[in-house]
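Here is how the chains run, residue by residue.
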Amino acid sequence: MREASLDKLKAFLTLLPSMILVGVFVYGFIGNTIWTSMTDWGGSGAMALEPQKHFVGLENYIDLFTGFLGGNFRQDLVNAVYYSVMLLAGAVGLGMFIAILLDQKPKGEDLLRTIFLYPMSLSFIVSGTIWRWLLAPQGGVNVLPKYLGFEPLTFKWLSSQSAVLVFNWQDILRILVYVAAFILILVGVFKLKKDAGRAMKRWLIPGIVLGALVWVFGSILPDALFMEEEHGFNLATLGIIIATIWQYSGYTMALYLAGFNGISQDLRDAAMLDGASHAGYYRHVAIPMLKPITISAVIILSHISLKMFDLIFAMTGPDNAATGHPALNMYLTTFRGNEFSKGAAIAIVLFLIAAMFIVPYLVGQYRQQGRR
Amino acid sequence: MTARKFTLGNVFLYGTLALLSLFFLMPAYMAAVTALKLPADISLPTAWEWPSVVNWSSFSDALAKLRPDFINSLILTICGTAGSTVLGSLNGYVFSKWKFKGSDVIFTLFLFGMFIPYQVILIPLFQTLRAMNLYGGLPGLILAHIVYGLPITSLIFRNFYAQIPTALIESARLDGAGFFSIYLRIVFPLSIPGFVVTSLWQFTQIWNEFLWGICLTRHTANPITVGLANLAGGQAVTWNLPMAGSILAALPVLAIYIFLGRYFIRGLLAGSVKE
């Protein structure tokens, strides 16, 4: 008995150094960054070993979201949202599509898998360098149609200034409430089949009421800014999104392929015997079964899209505002501009968005472990 | 498998796969073709065409510029990989076979460290390394890679050790073996595939990392990713050098991927938390 408890102590002591390291380097550092984001650390004396810092509360955050100089950050944030959504749709969709194709066991499956997955092993700097050359305005992808006898394209992949889906930042509060209402209604529609009464009470009616309220009384909500400021999805980011999808759809393909292989042949045969077509099998049997994989892929891809820095740095350089991203902005603000507290505030905004996805996911994982 | 027939479905299947393969191979082709051209032959409208004269000197030129960074990356990657896999293996052993009250919570708290955007710890990391006199050189970068590698290496080893039957550990304990002797005599010898998977994963991650490389090292200690970004970043670049540099920077991990692809994919899947 005594030996057993001695072993338990040894186990704990083995883990202790890592616990301390993770405790300090993850949780301590996050706390430190939160604190830094509430100070005025920056300017000329910022690089001193003991820089002057004063507590300023939420001022940095207010500046970022409503201040005169925060316009760049707001455009970056809008870019990041569009970027994440398109990366998720593109990489999950294409990855799933390729996995379904490879699940038909074509000849040369191994070689094809190797081809689709190799971008995953590359560094973002490597792929960014190559894609920058591929998307050069008068060359690369744009001249490809020439070889088929068409006119070359003239799309300005990485330097376009035009934007679509433009909205006014002034209205951000109203837009956010509309989004909330939309999500409520969407969830309600999805749950309608299962339990119509609950779906109406819990989701649909609150969603419709909320939407109607903003529509009628929206003008009461305060403006975020005193002047108009337009942001939208900048077309120059398309090139970056394509490069990221190229790099990561192989990853989702590998995830889905592993999942498809894990589904027993019996189940597949049974579905086919019941008259399911190929498409029906995937739509109604295989893909619903792989929901955990889809969730993992979404979590990992959104995490990647939130820290997107290297690829943008390599593709459009640090100075192209049109394709900016908060992660890049944080680096520039902190290490080029020496505005440490502003950089910390940007980092915390990124962190909070990431935590919105990750905390529920990890809590779910933990509960799952408890049940087993 | 029955013999494939020439059906519409098959035409669609192989046609789509061929098109997709072209899309995925396009950047590799472009990099190779551009790297093999003479600088004077590189022009935007003819970027896709095969070089009239194959010129290998871009590779030696790029290597001459990137050699110090390449060596830095090798040292960094080997030390970082070794440190984080050894610690991760011990952690995984505790998390799977020596659970104590609260160890599952600690494990979940570890995992969180894997998913944070690293920008959120960058400023204190920079300050701490400066205060420890580790800023600017390789040791500080190695330390960072070891610490932030712990979540993923502990996760992979924990999942790997979960497959070792607990009865094996129990019987060894009845025979009088203790914590460390069980690890050394039973668990460690069984974990070679686990070490391969984890090391490949860490090697790839550390080799490809850029953010810490650019923020935490001075010029003399830059890893290869930073060197390549500098090489490609100038305005008046001739594109053969960055393309050759990209190929050089990609070679070690590409070689791993091509020759040890099975383990690479296992690491990829293990990194996605699902068990």
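Residues numbered from 1 in each chain as written. Chains lettered and ligands numbered in written order. Predicted model: local features only at pLDDT ≥ 70, side-chain atom pairs only at ≥ 80, totals over all residues. Heavy atoms only, no water.

As named in an unreviewed UniProt entry, chain B is L-arabinose transport system permease protein AraQ, taken from Pseudodesulfovibrio hydrargyri. Taken verbatim from the UniProt record of chain B, the Subcellular location (unreviewed entry) comment is "Cell membrane". Per its UniProt entry, chain B bears the Sequence similarities (unreviewed entry) comment "Belongs to the binding-protein-dependent transport system permease family." (UniProt positions renumbered as here; feature names shortened; annotations may be inferred.)

With an unreviewed UniProt entry as reference, chain A is termed Lactose transport system permease protein LacF, source organism Pseudodesulfovibrio hydrargyri. Quoted verbatim from the Subcellular location (unreviewed entry) field of UniProt, the annotation for chain A is "Cell membrane".

Visitor: Explain the interface of chain A and chain B to me, please; I cannot follow it from the model alone.
Guide: Interface size is commonly expressed as the accessible surface area that is lost when the partners come together. Residue-level contacts link 99 residues of chain A with 97 residues of chain B. Carbon and sulfur atoms make up 77% of the area that chain A and chain B hide from each other, which totals about 9,100 Å². Inspection of the region where chain A meets chain B yields zero salt bridges. Counting the contacts that link chain A with chain B gives 18 residue pairs in polar contact (both at pLDDT 80 or more). (Contact = heavy atoms within 4.5 Å. Buried area = accessible area lost by both parts, 1.4 Å probe. Salt bridge = Lys/Arg side-chain N within 4 Å of Asp/Glu carboxyl O. Polar contact = N/O pair within 3.5 Å; in protein donor to acceptor, adjacent residues only side chain to side chain.)

Visitor: Explain the domain arrangement of chain A to me, please; I cannot follow it from the model alone.
Guide: All names here are of chain A. Each assigned domain of chain A is listed here: domain 1 (1–38) and domain 2 (71–166 + 232–370). Its C-alpha centre places domain 1 at a distance of 34 Å from the equivalent point of domain 2. Here domain 1 meets domain 2 over a buried area of about 430 Å², counting both sides, of which 89% is carbon and sulfur. At the surface where domain 1 touches domain 2, the tally comes to zero salt bridges. Considering only residue class, the side of domain 1 that touches domain 2 consists of two nonpolar, three polar and no charged. (Domains from an automatic or database assignment. Nonpolar A, V, L, I, M, F, W, Y, C, P; charged D, E, K, R; others polar.)

Visitor: Help me out: how do you make sense of the pattern of salt bridges in this one?
Guide: Think of it this way: side chains of opposite charge can pair up when their charged atoms draw near. Residues and elements named next belong to chain A. Enumeration according to the criterion identifies eight salt bridges over all chains in this entry. Across the pair Arg113 and Asp110 runs a salt bridge, and its minimum N-O distance is 2.9 Å. In this pair, Arg113 and Asp110 both sit in helix α4 (residues 109–117), three residues apart, roughly one turn of the helix. We classify Arg113 as partly exposed; its relative accessible area is 25%. Put simply, Arg174 and Asp171 hold a salt bridge, and the shortest N to O gap is 3.8 Å. Several salt bridges converge on common partners, so that one network encompasses Asp103, Lys105 and Arg268. (Helix = DSSP H or I, 4+ residues; strand = E, 2+ residues; numbered from the N terminus. Buried < 20%, exposed > 50% of the residue type's maximum accessible area, 1.4 Å probe, protein only.)

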